[in-house]
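In case you want the letters, here they are:
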Amino acid sequence: MSFTLSPLPYAYEALEPHIDTLTMQIHHGKHHQAYVDNLNKAVAGTPNEGKSLEELVAVAGSISPAVRNNGGGHWNHTFFWESLAANTGGTPTGDLAAAIDAAFGNFDEFKTKFATGGTTRFGSGWVWLGVKDGALCICSTPNQDNPLMDVAECKCIPILGVDVWEHAYYLKYQNKRPDYLAAIWNVINWTKVAERFAAAK
Ligand code: MN3
């Protein structure tokens, strides 16, 4: 049983104008597809063939760079697509909003710290909101690592992840990663993030 690329949970144009259609088409159809294809190649004929994506990610650092990069790439992008939704324009509510206030002061402070986590990641990587010891934290990982990996610099249960690779924003925002990270708040699926928070804490 090999890994497959699931369709996006919305249309390629659904996140316009904040994330453009062509970026979504290339990001999902080419980049994410390549992680899936290369993960299948990396595990084919090895003892890791048949393991779940979650099992592979948990021990990614001890398998091979190909599994770490492509298994991470597949997991991270699947998580990212589900973290987004069309023009939500919303803010977190309920327990999640209270936890954000407790950890970061208020929602604007959280957004600033999250954006800093993303803009200060040198090169390519991800910025995450996660749960650690029952509280929220922000962390950033390089390349296609994530906070569930054995090799993660910061370990937590992620509830929101944002891709800060140039391929995620360059067509529309060019070198302006902060502008992309400012626009992303228009398309965060807070309902999904709140579900993950309830499950993680
Ligand atoms: Mn990407």
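In case you missed it, the structure is sitting above this.
About the cut-offs
- Residues numbered from 1 in each chain as written.
- Predicted model: local features only at pLDDT ≥ 70, side-chain atom pairs only at ≥ 80, totals over all residues.
- Heavy atoms only, no water.
- Pairing = 2+ DSSP bridges.
- Helix = DSSP H or I, 4+ residues; strand = E, 2+ residues; numbered from the N terminus.
- Axes fitted to C-alpha atoms, helices over the stretch in contact; angles between N-to-C directions.
- Contact = heavy atoms within 4.5 Å.
- Buried < 20%, exposed > 50% of the residue type's maximum accessible area, 1.4 Å probe, protein only.
- Arc of directions from axis to C-beta.

This part is about the sheet that holds strand S1 (residues 125–132). Taken together, three strands build an open sheet; the order of strands is S2-S1-S3 and the sheet is antiparallel. The open sheet terminates on both sides in strands that have one partner only, identified here as strand S2 (135–142) and strand S3 (157–163). The mean inter-strand angle of the sheet, taken between neighbouring strand axes irrespective of direction, is 20°. Pairing geometry for S1 and S2, over eight bridges, is antiparallel. Looking at S2, one finds that Lys132 is bridged to Ala135. Contacting S1 and S3, helix H3 (residues 65–83) crosses the sheet at an angle of about 85° to S3.

Think of an α-helix as turning once every 3.6 residues; residues three or four places apart then point the same way. Within helix H4 (residues 94–104), burial applies to Leu96, Ala99, Ile100 and Phe104. Along H4, the residues classed as buried sweep out an arc of 105° about the axis, all on the same side. Facing away from the buried side of H4 by over 90 degrees, the exposed positions are Gly94, Asp95 and Ala102. Taken together, the buried residues of H4 touch helix H5 (107–119), S1, S2, S3 and helix H8 (190–200).

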